[in-house]
Amino acid sequence: MSDDSEKSQLTDGGWIAWFCSLEDHHFFCEVDEEFIRDSFNLYGLKPKFSHYEEALEMILQPDCPDEEDMQNEKFLRIYQDASDLYGLIHARFILTPRGLAIMREKYLSGRFGTCPRVLCERQNVLPLGLSEDLRTSRVKVYCPKCEEIYIPKRKCIDVDGAYFGCSFPHILLSAYTDLTVQPTTSVYIPKIYGFKIYKKKGSKFYQQPEHLTQMSYYGPEQLRNCLLYTSDAADDLLCVDLGGRRIIKKK
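Not measured: the values here are computed from a predicted model.

Colleague: Talk me through the overall build of the chain; I want residue IDs and the actual numbers.
Modeller: From N to C terminus, the chain includes ten helices and five strands. Here the chain holds 251 residues, and the buried ones make up 42% of them. Taking all contacts inside the chain whose residues are at least 6 apart in sequence as the whole, residues at least 24 apart take part in 66%. Working note: accessible area of the chain is about 15,300 Å², and carbon and sulfur atoms make up 51% of it.

Rendered as structure tokens:
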């Protein structure tokens, strides 16, 4: 690719379009600027950020960053807040009628991937967060067929689960009843040379656990037993700096 074409990729379009086109950001939709400019939709977000005004201004910029910006430490600090602020605004936008319609089309086209469970037969999945709080958990995917959650095929290192929230898949499926999927009735039965295994699933001696732990989000108990977001991201040193902060990855 020529230098001129690489430069044009960095300067064409606004910040929102640029951000959504970054590597592993294919789960995002572009939030309407009118939605962002309405202060009612931003209620309660300002205290969460130290550079709120600058981050909001960056999000609404008509031009996307250039190479000089990418080398500027001040820009990167504000970008950190801008990406988190956009993510929380995004979590609210995708619950609106317009946001749901956009995400519905992405779901039908398979943009979020398919369920890794073999018996779900490549059922499309939806993005899901396990916490409404930032830096608790990366985005996961929810399968409407087996009603389980999984790590996305592409790990989406810098995509926080809070950018989608805990309720989005269920609200989308409730709003569009034509997307309703019948729960799977196919169950894998372990066997040895064709014989069911004693006390394993399928055996008449198999006993269902009496007490199943129900979890739809990360609460205090789960947080004590899991890695923090930045520590989790630090497994991939190409995606974070020494402070655990995300590094922008360009296509």
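Colleague: Quick one: what's the story with a nonpolar patch on the surface, residue by residue and with numbers?
Modeller: A contiguous nonpolar surface patch, about 340 Å² in accessible area, is contributed by Val118, Leu119 and Tyr188. Examined against the element boundaries, Val118 turns out to sit in the loop between helix H7 (97-108) and strand S1 (126-128).

Colleague: Now, about the packing of aromatic side chains: what can you tell me, with residues and values included?
Modeller: Remark: the centre distance and the inter-plane angle together describe each pair of aromatic rings, the angle taken between the planes. Tallied over the entire structure, the rule returns 15 aromatic pairs. Ring centres of Phe28 and Phe164 lie 5.7 Å apart, and the angle between their planes is 35 degrees; on these two criteria the pair is classed as tilted. Here Phe28 is found in the loop between helix H2 (15-20) and helix H3 (33-37), whereas its partner Phe164 is found in the loop between strand S3 (148-150) and helix H8 (168-175), with 136 residues between them in sequence. For the pair Phe28 and Phe164, a shared accessibility class is recorded, and that class is buried. A ring pair is formed by Phe35 and Phe93, whose centres lie 5.2 Å apart and whose planes are at 70 degrees; its orientation type is edge-to-face. Pair noted here: Phe35 is in helix H3 and Phe93 is in helix H6 (residues 73-93), with a separation of 58 residues, a long-range link. Just as Phe35 is buried, Phe93 falls in that class too. Over the aromatic face of Tyr176 sits the side chain of Arg104, whose NZ or CZ is 5.0 Å from the ring centroid.

Colleague: Lay out the environment of Phe35 with the relevant residues and their values.
Modeller: The buried category is assigned to Phe35, whose relative accessible area is 13%. Along the primary structure Phe35 and Arg92 are separated by 57 residues, whereas in three dimensions their C-alpha atoms are 9.7 Å apart. Contact partners of Phe35, with chain neighbours within four places excluded, come to Asn41, Ile89, Arg92, Phe93 and Thr96.

Colleague: I'd love a proper account of the nonpolar core, names of residues and values included.
Modeller: Of all hydrophobic cores here, the largest spans 57 residues; its most connected members are Trp15, Ile36, Leu85 and Tyr86. If you list the elements that add at least two residues to this core, you get H2, H3, helix H4 (52-59), H6, H7, S1, strand S2 (140-143) and H8. In terms of residue count, the dominant contributor to this core is H6 (nine residues).

Colleague: I'd like to hear about the sheet that holds S3, residue by residue, with values.
Modeller: Spatially, three strands are ordered S1-S2-S3 in an open sheet, and the strand pairing comes out antiparallel. The outermost strands of the open sheet, each flanked by one partner alone, are S1 and S3. Averaged over all pairs of adjacent strands, the angle between their axes in this sheet comes to 40 degrees, without regard to strand direction. Two elements, S2 and S3, share three bridges in a ladder whose sense is antiparallel.

Colleague: Would you mind going over the state of the cysteines in detail, with residue names and values included?
Modeller: Such a bond, covalent and formed between the sulfur atoms of two cysteines, is termed a disulfide. In the structure shown here, the tally under the stated rule is zero disulfides. Cys120 supplies the cysteine sulfur nearest to Cys146, a cysteine that is in no disulfide, at a spacing of 3.7 Å.

Colleague: Give a description of H7 that names residues and reports values.
Modeller: Given 3.6 residues per turn, any residue in an α-helix points the same way as the ones three and four places further on. With twelve residues, H7 ought to run about 16 Å at 1.5 Å a step, and its terminal C-alpha atoms sit 16 Å apart, in line with that. Restricting attention to buried positions, one finds in H7 the residues Gly99, Leu100, Met103, Arg104, Lys106 and Tyr107. For H7, the angular spread of buried residues about the axis comes to 165 degrees, placing them on one side. Backbone geometry just after H7 places Gly110 at a positive phi near 80 degrees.

So, how was this worked out
Residues numbered from 1 in each chain as written. Predicted model: local features only at pLDDT ≥ 70, side-chain atom pairs only at ≥ 80, totals over all residues. Heavy atoms only, no water. Helix = DSSP H or I, 4+ residues; strand = E, 2+ residues; numbered from the N terminus. Buried < 20%, exposed > 50% of the residue type's maximum accessible area, 1.4 Å probe, protein only. Contact = heavy atoms within 4.5 Å. Areas by Shrake-Rupley, 256 points an atom, 1.4 Å probe, with all protein chains shown as cover. Patch = residues over 30% accessible without salt bridge, like charges linked within 9 Å, V, L, I, M, F, W, Y side chains within 5 Å. Salt bridge = Lys/Arg side-chain N within 4 Å of Asp/Glu carboxyl O. Phe/Tyr/Trp six-rings, centres within 6.5 Å; stacked < 30°, edge-to-face > 60°. Lys NZ or Arg CZ within 6 Å of the ring centre and 35° of its normal. Core = buried A, V, L, I, M, F, W, Y, C linked by side-chain atoms within 4.5 Å. Pairing = 2+ DSSP bridges. Axes fitted to C-alpha atoms, helices over the stretch in contact; angles between N-to-C directions. Disulfide = S-S within 2.5 Å. Expected span 1.5 Å × (residues − 1). Arc of directions from axis to C-beta.

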